[in-house]
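# Survey of secondary and tertiary structure
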Amino acid sequence: MEFTLLIVIIVLALIFDYINGFHDAANAIATVVATKVLTPFQAVVWAAFFNFLAYWVFGFGVADTVAKTANTMDINLVVILAGVIAAIIWNLFTWWQGIPSSSSHTLIGGFAGAAIAHAGFGVVSWYKVGKDGGMPSGVLIIVAFIILAPLLGALISYLISIWLLNASKKSIYPKIFTASLMILTIWFVESQMIYFDEITKPRFDSHFWSVAFEAHNIKWFLVAFIVLAISSFCLIFSSLNLNQATSWLKKMQLLSSAAFSLGHGGNDSQKVMGIIAAAVAVYINTSGVAQASLPAWLDVVLPNDEGTFRMPAWIPLACYSAIAAGTLSGGWKIVKTMGSKITKVTSFEGVAAETAGALTLYFTEHFKVPVSTTHTITGSIIGVGLTKRVSAVRWGMTVSLLWAWVLTIPISAILAAIIYYIFSIFI
């Protein structure tokens, strides 16, 4: 019975990942479709490709955080099953209504709500101090980023927009600023690099290729590439006429949407990895099966005080494949909301919003914080709207989205608790 429940949870978690893909496809493609840089079909193929490519870029930091949402020693598989089913129901409902709610928060809300129904509030990891002064974790930090993620996205997109607007003027000062930023970016990324001696499991014998293809380094290379690409455009922006500038901005939108799709795949797929890892750990605790006797495909070790976190390769591969397949399925109701109902989006706004969203996702992933890609890109779109005027943002629609964001975790938690109580009668 326990093993059957585990298989059902894994299958449902991957189904949720697929739904997450088409529910959140709008996050990465809405602005590209709205500005007619790509057709809807081309846009979803583009986004799905980079969703899957994230498999080679990101580690398991966010999965680590999600797996520790509740103490796996104090829950059972019915808790995780109820949480995943609640998340699927809320995701499908919000997709049907065209509401860009957070797939991340519905999953965490469902997991936490079912756990509370099973063992009380103490079973949930509400707040945990970070090691060595690092970023704290827990459900309260995730809740805080319901507000912080869109604010951060809005701030970064606003600053990028102001930077681009000033770069379009024939003045030496924007160019001095841009050149200084390029130097600062190269210095910062170099300081974040992990070199050969620090790599635990080098992928190649060559020092150069091992450093170049280390997942941690690839992420920072991407940050540098994004900033340097926009900087290079800013250096020539003032010498371009309107048609040339528009043409360049449309090309840059391909880069910014690809960068955001990478962040979307890396951030959201890891949440499902964390749920599957937690389910395997609960199965070990409740079934009495020894870790050593498990088949290799279930060889999962949850994060511990030493920082160990291990999972077989099929789990991340399946999660990235599922979210990419979901993105290919589209999500056109939410595309309309994100692409036109918040503010009018041109290629200029698209580049600024997607770049800001991508950078926000990369930095939050670095600190192992599972944020909502939906909240992040919405905040970024609002940020670029504010550079025109406050009234350029359709605040009525934005307030409706905020209500959906605030209600997602509690509604998912209540729904999961109800499902848990029903299941407890029969299982």
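So, how was this worked out
- Residues numbered from 1 in each chain as written.
- Predicted model: local features only at pLDDT ≥ 70, side-chain atom pairs only at ≥ 80, totals over all residues.
- Heavy atoms only, no water.
- UniProt positions renumbered as here; feature names shortened; annotations may be inferred.
- Axes fitted to C-alpha atoms, helices over the stretch in contact; angles between N-to-C directions.
- Helix = DSSP H or I, 4+ residues; strand = E, 2+ residues; numbered from the N terminus.
- Parallel < 35°, antiparallel > 145°, perpendicular 65-115°, else oblique.
- Left-handed = near helix turned anticlockwise from the far one by under 90°.
- Contact = heavy atoms within 4.5 Å.
- Phe/Tyr/Trp six-rings, centres within 6.5 Å; stacked < 30°, edge-to-face > 60°.
- Buried < 20%, exposed > 50% of the residue type's maximum accessible area, 1.4 Å probe, protein only.
- Lys NZ or Arg CZ within 6 Å of the ring centre and 35° of its normal.

- An unreviewed UniProt entry lists the protein under the name Phosphate transporter, from Flavobacterium xanthum.
- Quoted verbatim from the Sequence similarities (unreviewed entry) field of the UniProt record, the comment on the protein reads "Belongs to the inorganic phosphate transporter (PiT) (TC 2.A.20) family."

### Things to note about the packing of helix α5 (residues 103–119) against helix α10 (residues 242–287)
- For the pair α5 and α10, interaxial distance at closest approach is 10 Å and the crossing angle is 20°. Between α5 and α10, the interaxial angle falls into the category roughly parallel. The element α5 and its partner α10 pack so that their crossing is left-handed. Here S104, L107 and F111 of α5 lie close against α10, whose contacting residues are D268, K271, V272, I275 and A278.

### Details of the packing of aromatic side chains
- For the coordinates displayed, the defined rule picks out 20 aromatic pairs.
- With centroids separated by 4.6 Å and ring planes inclined at 40°, the aromatic side chains of F233 and F237 adopt a geometry described as tilted. Note that F233 and F237 are positioned in helix α9 (residues 215–237) at a spacing of four residues, about one turn of the helix. For the pair F233 and F237, one class covers both residues: buried.
- For the cation-ring pair, K251 lies above W248, with the distance from its terminal atom to the ring centre recorded as 5.9 Å.

### Remarks on the environment of E198
- Within the secondary structure layout, E198 lies in the loop between α7 (172–192) and α8 (207–212).
- Given the relative accessible area of 53%, E198 is considered exposed.
- Sequence separation between E198 and V211 is 13 residues, and the spatial gap between their C-alpha atoms is 9.6 Å.

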